[in-house]
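# Structural overview for review
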Amino acid sequence: MWRMASSPFGRIWLTLLGIGISVAALWIAIRNVDLAFVAERLAHADVRYLLVVLAVVAAQVWLRTTRWQVLLPTRPDGTRAPTRRLLPVVLIGYLGNVALPARLGEVVRTYLVSRREDLDPVAVLGTVVLERILDVAALAAFALIVATSIGAPSWIVAAAAIAAAVGLVALLVAIAGLPALVGAIRRFWPNAQPSSWVRLPGSSRILQIVGRFAAGVGGIHSRRAVAAAAGLSFIAWPLDALLVWLVAASIGIDISLGAAALISAAAVLSTAVPSAPGYVGTYELAAAFAAQAMGVASSPAFALAVLAHAFTILPAAIAGAVSLVLLRDSLGMVAPVPEPDA
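What this report covers is the structure whose coordinates are included nearby. (Residues numbered from 1 in each chain as written. Predicted model: local features only at pLDDT ≥ 70, side-chain atom pairs only at ≥ 80, totals over all residues. Heavy atoms only, no water.)

## Description of the overall build of the protein
Within the protein, the secondary structure is distributed over 13 helices and zero strands. Put simply, the protein runs from its N terminus to its C terminus through helices and strands in the order α-α-α-α-α-α-α-α-α-α-α-α-α. Counting only residues that meet the buried cut, the protein has 48% of its 342 residues in that class. A separation threshold of at least 6 residues defines the contact pool for the protein, and within that pool the share at least 24 residues apart is 72%. About 16,000 Å² of surface is accessible on the protein, with carbon and sulfur atoms providing 71% of the total. (Helix = DSSP H or I, 4+ residues; strand = E, 2+ residues; numbered from the N terminus. Buried < 20%, exposed > 50% of the residue type's maximum accessible area, 1.4 Å probe, protein only. Contact = heavy atoms within 4.5 Å. Areas by Shrake-Rupley, 256 points an atom, 1.4 Å probe, with all protein chains shown as cover.)

## Side note on the side chain of S22
With respect to the helices and strands, the residue S22 is situated in helix α2 (residues 8-30). Of the residues examined, S22 reaches a relative accessible area of 5% and is grouped as buried. Within the local environment of S22, its side chain forms a polar contact with the backbone oxygen of V280, the two atoms lying 2.6 Å apart. Residue contacts for S22: discarding those within four places in its chain leaves S275, A276, V280 and G281. (Polar contact = N/O pair within 3.5 Å; in protein donor to acceptor, adjacent residues only side chain to side chain.)

## Focus on the packing of helix α4 (residues 47-71) against helix α5 (residues 83-99)
Where α4 contacts α5, the two axes come as close as 9 Å, and the packing angle between them is 115°. The angle between α4 and α5 falls in the class roughly perpendicular. The interaxial crossing formed by α4 with α5 has right-handed handedness. Between α4, through V61, W62, R64, T65, T66, W68 and Q69, and α5, the contact on the second element is made entirely by T83, R84, L86, L87, V89, V90, L91 and Y94. Of the residues that constitute the contact of α4 with α5, the class distribution is nine nonpolar, four polar and two charged. (Axes fitted to C-alpha atoms, helices over the stretch in contact; angles between N-to-C directions. Parallel < 35°, antiparallel > 145°, perpendicular 65-115°, else oblique. Left-handed = near helix turned anticlockwise from the far one by under 90°. Nonpolar A, V, L, I, M, F, W, Y, C, P; charged D, E, K, R; others polar.)

## Focus on the packing of aromatic side chains
Taken as a whole and judged by the stated rule, the model has one aromatic pair. Plain terms: the ring middles of W155 and F289 are 5.9 Å apart, the flat faces sit at 50° to each other, and that makes the pair tilted. With W155 in helix α8 (residues 154-188) and F289 in helix α12 (residues 282-293), this residue pair connects regions lying 134 residues apart in the sequence. Owing to a relative accessible area of 46%, W155 belongs among the partly exposed residues under this scheme. R64 extends its terminal NZ or CZ atom over the ring of W237, reaching a point 4.6 Å from the ring centre. Above the face of the W68 ring, R109 is positioned so that its terminal group lies 4.4 Å from the ring centre. (Phe/Tyr/Trp six-rings, centres within 6.5 Å; stacked < 30°, edge-to-face > 60°. Lys NZ or Arg CZ within 6 Å of the ring centre and 35° of its normal.)

## A look at the packing of helix α6 (residues 105-116) against helix α7 (residues 121-149)
Helix-helix packing is characterised by the crossing angle of the two axes and by the distance between the axes. Closest axis-to-axis distance for the α6/α7 pair is 9 Å, and the angle between their directions is 135°. Comparing their axes, α7 and α6 come out oblique. Our pair here, α6 against α7, has a crossing hand that is right-handed. For the pair α6 and α7, contact is made by E106, R109, T110, V113 and S114 and by P121, V124, L125, V128, E131 and R132, respectively.

## Focus: the nonpolar core
What tends to happen in soluble globular proteins is that the nonpolar side chains get buried as a cluster. The biggest cluster of nonpolar side chains holds 42 residues, and the ones touching the most others in it are V53, I255, I263 and L304. For this core, the elements supplying multiple residues, two or more each, are α4, α10 (223-250), α11 (257-270), α12 and α13 (298-327). Here the element with the most residues in this core is α13; it accounts for nine residues. Formed by 14 residues, the second largest nonpolar core is a distinct cluster that contains L139, A143, A160 and A241. (Core = buried A, V, L, I, M, F, W, Y, C linked by side-chain atoms within 4.5 Å.)

## Some thoughts on unusual backbone geometry
Of note in this structure, D118 is not a glycine but carries a positive phi near 60°. Structurally, D118 can be placed in the loop between α6 and α7. Even without glycine at this site, Y279 takes up a positive phi of about 60°. Locating Y279 in the fold gives a position in the loop between α11 and α12. The exposure class assigned to Y279 is buried, which follows from its relative accessible area of 11%.

## What to know about α5
The first and last C-alpha atoms of α5 sit 24 Å apart over 17 residues, in line with the 24 Å expected at 1.5 Å per residue. Listed as buried for α5 are T83, R85, L86, P88, V89, V90, L91, I92, G93, G96 and N97. Here the buried face of α5 lies against α4, α6 and α13. (Expected span 1.5 Å × (residues − 1).)

## What about the environment of V247?
Considering the arrangement of structural elements, one finds V247 in helix α10. The exposure class assigned to V247 is buried, which follows from its relative accessible area of 0%. Residues V247 and V47, spaced 200 residues apart in sequence, show a C-alpha to C-alpha distance of 9.7 Å. In this view, V247 contacts V53, L304, L307 and A308; residues no more than four positions away in its chain are not counted.

Here it is as structure tokens:
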């Protein structure tokens, strides 16, 4: 996908596919919605709740930046990039996900941090993939616990159980299967280290990339680091549920925190579906459908989906735009500056 997205034809194809899916999802989401009612609810949202939402968003971004710091490889001098130094890069990545198709913001932050901190970009991309795996595993497990505890419809419990199983298998492959692959490559080239595999004479280019990527996903992390990252993921997802609950309260929708958690889980999982930049349409459809399953009428459910989506992506994207201007290193041409660990 990286190569496809880097070509003009690939970018056009991805954009058109995403826009088509988003338009279809948005049309389905608004078929039975009173848009005048939605506009009225949004116009009279309680700002006090929304100010707390901004604080929740800030806490989420900080937690996820700290998690990435735990997973990233050390810099050439043996130190880890401080969280405060990674934060603007993460925010620029959020901006990229909003402005570009196919979650290309992840590629943007991979490029920026690898240039800024002098890290192997393929290994860094591996840590980004590991983050996503941890997200899916933690979110699905959290949703399963909530769905079971609040007596959600059986199809929701079943879907959460399947997602949790898939997430667990993917996590086991990442932290056990890929390190085994790294070990096999090292047995084939006993004196090779991941950072030098790209320079091995006569070696397969594909095998080099696979080895470096595997080092980023599973080969450079201790069990303690993965456990710490998983713990941070389990803290972040309840905050996502809190965000949805606060947004619902701001427009007069009375739902439980458990219901908010399931709405949040459905919305987040929908971002894996190809869509227009910013997940427009797919997020609204998933969030509104989940809200209706929790007993919310169609028009208030759509208002909740729209407002939750706006506060999920816009504050971080605006902060990313500010970071992009302040750093002036969007092309990654800033040499790493040694700093003490945070």
